[in-house]
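Working through the structure, step by step
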Amino acid sequence: MTDSKYFTTTKKGEIFELKAELNSDKKEKKKEAVKKVIASMTVGKDVSALFPDVVNCMQTDNLELKKLVYLYLMNYAKSQPDMAIMAVNTFVKDCEDPNPLIRALAVRTMGCIRVDKITEYLCEPLRKCLKDEDPYVRKTAAVCVAKLHDINAQLVEDQGFLDTLKDLISDSNPMVVANAVAALSEIAESHPNSNLLDLNPQSINKLLTALNECTEWGQIFILDCLANYTPRDDRESQSICERVTPRLSHANSAVVLSAVKVLMKFMEMLPKDLDYYGTLLKKLAPPLVTLLSAEPELQYVALRNINLIVQKRPEILKHEMKVFFVKYNDPIYVKLEKLDIMIRLASQANIAQVLAELKEYATEVDVDFVRKAVRAIGRCAIKVEQSAERCVSTLLDLIQTKVNYVVQEAIVVIKDIFRKYPNKYESVIATLCENLDSLDEPEARAAMIWIVGEYAERIDNADELLESFLEGFHDESTQVQLQLLTAIVKLFLKKPTETQELVQQVLSLATQDSDNPDLRDRGYIYWRLLSTDPVAAKEVVLAEKPLISEETDLIEPTLLEELICHIGTLASVYHKPPSAFVEGSRGVMHKRLPARTGSGEGTECPDVGNAAGGSAPEAAPSIIPSQGDLLGDLLNLDLAPPTTTGPTPSTSGMQMGGMDLLGGGLESLLGGDIGGSPAMGAGFGAAPAVMPASLNAPVGGGLGDLFDLGGGVGMPMGAYIPPKTVWLPAMKAKGLEISGTFARRAGVIQMELVLTNKAMSVMTDFAIQFNRNSFGLAPAGPLQVLTPLGPNQTIEVSLPLSTVGPVMKMDPLNNLQVAVKNNIDVFYFSCQYPISMLFVEDGKMERQVFLATWKDIPNDNESQFQIQDCHLNSASNKLQGSNIFTIAKRTVEGQDMLYMSIKLSNGIWVLAELKVQAGNPNYTVILNESKYISSLRFFQ
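So, how was this worked out
- Residues numbered from 1 in each chain as written.
- Predicted model: local features only at pLDDT ≥ 70, side-chain atom pairs only at ≥ 80, totals over all residues.
- Heavy atoms only, no water.
- Phe/Tyr/Trp six-rings, centres within 6.5 Å; stacked < 30°, edge-to-face > 60°.
- Helix = DSSP H or I, 4+ residues; strand = E, 2+ residues; numbered from the N terminus.
- Buried < 20%, exposed > 50% of the residue type's maximum accessible area, 1.4 Å probe, protein only.
- Lys NZ or Arg CZ within 6 Å of the ring centre and 35° of its normal.
- Patch = residues over 30% accessible without salt bridge, like charges linked within 9 Å, V, L, I, M, F, W, Y side chains within 5 Å.
- Areas by Shrake-Rupley, 256 points an atom, 1.4 Å probe, with all protein chains shown as cover.
- Salt bridge = Lys/Arg side-chain N within 4 Å of Asp/Glu carboxyl O.
- Lys, Arg positive; Asp, Glu negative; His and termini not counted.
- Charge placed at Lys NZ, Arg CZ, Asp CG, Glu CD.
- Pairing = 2+ DSSP bridges.
- Axes fitted to C-alpha atoms, helices over the stretch in contact; angles between N-to-C directions.
- Expected span 1.5 Å × (residues − 1).
- Contact = heavy atoms within 4.5 Å.
- Core = buried A, V, L, I, M, F, W, Y, C linked by side-chain atoms within 4.5 Å.
- Disulfide = S-S within 2.5 Å.
- Parallel < 35°, antiparallel > 145°, perpendicular 65-115°, else oblique.
- Left-handed = near helix turned anticlockwise from the far one by under 90°.
- Nonpolar A, V, L, I, M, F, W, Y, C, P; charged D, E, K, R; others polar.

Attention shifts here to the packing of aromatic side chains. Enumeration according to the criterion identifies ten aromatic pairs in this entry. Ring centres of Tyr300 and Tyr333 lie 5.5 Å apart, and the angle between their planes is 90 degrees; this geometry places the pair in the edge-to-face category. Pair noted here: Tyr300 is in helix α19 (residues 296–312) and Tyr333 is in helix α20 (residues 332–345), with a separation of 33 residues, a long-range link. Tyr333 sits in the partly exposed class, given a relative accessible area of 33%. An aromatic cluster of three or more residues is present, and its members are Trp727, Phe742, Phe829 and Tyr833. The ring of Phe369 is capped by Lys335, whose NZ or CZ atom sits 5.2 Å from the centre of that ring.

What follows is the structure, given as structure tokens:
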């Protein structure tokens, strides 16, 4: 008799009866009662009131009864956490049962009971089961660790279960290995930075050995784990591929796709001229073809994955076109996917075959499929140039069928063919015009209007055709209205005398009678163009159009790489990365294919001072980080030599860890441009200065000349002026664009502004105001814009600044908030000034004062930096040009020490010591802050 009888009872007072049966002395009656409870639970009845009675039934040797009780426990433990604790003793006892099935059952149930109160009681039983002599128990315990980690991650780490799990990867039983890998992979997914699966060649070898012997699901877990490994070189990559290739002939399609994923990833590292590379390409085709003989749902999943593979490596399936030909009984979703792949594989060799198929599909009864088939013919014409003529004649044959939707799709694709091959197939326009009346879909109408406008000079009655569309202008879709407006303007520019009324009519409809902003704006632009400069209008509207690309629907390369790493998962079916559809995905790792060996794509940057890890490549001057230090930026010294006409010594960019308040590191401060570009010149007008006699010290190790500290005359260079940047874009200021920079000239800080009027109205009455800032910067006079600023006019203004304004510490320290007013409105923006603008000219300390101040500064005020791999040349003069003064130099144990002083506009002193050794490109810089600076602690 079947178990269906347990689901048929509808008695009242059933719970009371079940309670009595559960407490019966007869084992058989008890078992029947538990089955009835489970049946009631399954159909949604609440039997939680029987919890204590069911738990009492746990004490049994009957495996079937124990399974049923454990099933009940898993379902109701969450709603009855206090009662669930009653079961703990039985779990502990069952974990030591002589029967391995019971031990495994106990540990599996423990993992499924998601109750915080009892998890700590389960640690000891779980620890024993992880080291159980029976592999079935060990493999079950491995999965239990992942479940427990999801409930209480800290507990699992504290108890050392993760280390035990890692040890299980070396287990003798392949299923234990597979489950350990599955558990670690799941934990690693929720904690992407934990580096749990620390794979190395030894562990990879163990996984590959286990791969041959475990079940199909175990193989999938191991293959997915292998896909996350990056081999050291192409030899290791080839070795792994050779051992994974047999999985391609597995009966389970999930195993096949996981194997394909591993091979697709590791192929990236194989040189293309390797014989094995070609062999592997040939081996990948048959299993993918075999997947297409499964049921439709599996076919669809396989086709979505094949679509990705074909975009990455079309050569794998280039000879397998026939398997993608559509069968009459394929569901529509399979048909459309096959069609897409056919176009991707279309080439000169197989285009005749493909076109014959597509023409056949265009006569099918399924409207969606027919439309897609007609579009496919057009895509083939664009992709394979040699087939374009044949494709156009095929499309003309289809137009002759007079089937409405076929004609409309054909016109849409012919428009694209005209874009790809201009002045080649225009003879078909007459045929297209014959079908004008049958067009009722917006896309087809817009395409036809585009063709008439583009080739108006070849169509005698172009104005009549476009006028016929204009009659119902307001009833047309936006797409058609926009296309009609452009087409009539094109017609007017080609035949101005005949179409003046028509163009006025369409411009009036677009600008006065329409409430669509896109249409209205385009109408106004055309109107202004035509009324102010017809020649310019002709150049804009009738400009030569770029040829359209052959594949417009290819997945973006970086996304494609990520999706290839997710073959065989939902991501490969949706064609979206997991982060796009997995809700609450914590720290989803974006996967990438490995770089091909010897590609030379990675470039190393020189290491810098106390930066942790490898330094990032130097980017353009960036927005300043919120946390950092002012003095650290004085040490962002990219000490490049000045640009000279002779050969430039090799320089190497470097960047310190602090925020760059100097705008572009000290190479900008020093007036040297790393790439040798002509960035010098602005503001280089300082008078020559003679070095003080006190610095004419004996030269030690040739460094005196290097720093220009010999007896010669030094030529201080002017302070570097950063290039102007846009501070306020026109779109945010009603047409007013403000760009600018800061400069220090003859001891005065200047704000150099460029004001551009990109609006249509005149701007007057300019004024400027600063918010409170770290160094009290304020305008020293009004903004001198003496004449009105007309449309498209630009004016340059220099605003002198003082440092006596109100002070408030900003973040970042050199942030400046500005308000600019004119007759239109008040506009706000913020910019950052280079801190070097605040270095004053009297920042050179006397040697004795320097020495006394240096000694007085407590050790806590000292900060030390390392500058590595940097080549200095004539730095002293460059520094002096920006008011960084070299006070003295001495030699200690073969190292030259240079002492420098800087004074900020608010009276704060910064003292620096630079340690240099001849021939060594690494330097040490020590900064000391004077007692006055303690209120502005820049370093933690």
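A few words now on a negative patch on the surface. On the surface, Glu464, Glu467, Glu471 and Glu501 cluster together into a patch of negative charge. Considering the arrangement of structural elements, one finds Glu467 in helix α27 (residues 462–470). Residue classification places Glu467 among the partly exposed residues on the basis of a relative accessible area of 40%.

This part takes up the sheet that holds strand β7 (residues 815–821). The three strands are arranged β4-β7-β8 in an open sheet whose pairing can be described as antiparallel. Two strands in the sheet have a free side with no partner beyond their single neighbour: β4 (767–770) and β8 (826–832). Each strand axis lies, on average, 25 degrees off the axis of its neighbour in the sheet, ignoring direction. Here seven bridges tie β7 to β8, and the two strands are oriented antiparallel to one another. Note that in β8 the partner of Val820 across the bridge is Phe827.

This brings us to helix α26 (residues 442–454). Look at α26: 18 Å from first C-alpha to last across 13 residues, which is about the 18 Å you get at 1.5 Å a residue. Most of α26 sits inside the fold, with eleven of its 13 residues counted as buried. Three or more residues of α26 are buried, namely Ala444, Arg445, Ala446, Ala447, Met448, Ile449, Trp450, Ile451, Val452, Gly453 and Glu454. Taken together, the buried residues of α26 touch α24 (404–420), α25 (429–434), α27 and α28 (478–494).

Here the focus is the pairing of β4. Going residue by residue along β4, you find Ile768 and Phe770 tucked away on one face and Ala767 and Gln769 left uncovered on the opposite face. Across four bridges, β4 lies against β7 in antiparallel orientation. Looking across to β7, one finds that Ala767 is bridged to Lys821.

As a further point, take the pairing of strand β6 (residues 794–802). Taken together, the eight bridges between strand β3 (residues 748–757) and β6 define a ladder with antiparallel strand orientation. Bridging across to β6, Ile749 finds its partner in Leu801.

This brings us to the nonpolar core. Of all hydrophobic cores here, the largest spans 208 residues; its most connected members are Tyr72, Phe91, Leu126 and Phe418. In contact with Phe418, other than residues within four places in its own chain, are Tyr425, Glu426, Val428, Ile429, Leu432, Trp450, Ile451 and Tyr455.

Right, let's get into the state of the cysteines. Each disulfide is one covalent bond, formed between the sulfur atoms of two cysteines. Summed over all chains, the structure comprises zero disulfides. Left unpaired, Cys95 is separated from the closest cysteine sulfur, that of Cys129, by 4.0 Å.

Right, let's get into the packing of helix α9 (residues 123–130) against helix α10 (residues 135–151). Put simply, α9 and α10 touch, their axes get as near as 8 Å, and they point 140 degrees apart. Taken together, the axes of α9 and α10 are oblique relative to one another. The handedness of the crossing between α9 and α10 comes out as left-handed. Contact with α9, carried on its side by Leu126, Cys129 and Leu130, involves Val137, Arg138, Ala141, Ala142, Cys144, Val145 and Leu148 of α10 and no other residues of that element. The residue makeup of the contact of α9 with α10, split by class, is nine nonpolar, no polar and one charged.

As a further point, take the pattern of salt bridges. What the rule picks out here adds up to 28 salt bridges. The shortest N-O distance in the salt bridge between Lys494 and Glu457 comes to 3.0 Å. With a gap of 37 residues between them, Lys494 in helix α28 and Glu457 in the loop between α26 and α27 connect regions that are remote in the sequence. Under the relative-accessibility criterion, Lys494 is labelled partly exposed at 26%.

Here we come to the sheet that holds strand β1 (residues 725–728). Pairing is antiparallel in the open sheet, where five strands are placed in the order β1-β2-β3-β6-β5. Each edge of the sheet is formed by a strand with only one pairing partner; in this case those strands are β1 and β5 (778–779). Bridge count between β1 and strand β2 (residues 736–745): three bridges; the pairing is antiparallel. Considered in β2, the bridge of Leu728 is made with Ile738.

Examined against the element boundaries, Ser40 turns out to sit in helix α2 (residues 27–42). In contact with Ser40, other than residues within four places in its own chain, are Glu14, Lys45 and Val47.

Here Phe51 is to be found in helix α3 (residues 51–56). On a C-alpha basis, the gap between Phe51 and Met83 in space is 7.4 Å, while along the polypeptide they are 32 residues apart. Apart from residues no more than four positions distant in its own chain, Phe51 is found in contact with Tyr72, Leu73, Tyr76, Ala77, Gln80, Met83 and Ala84.

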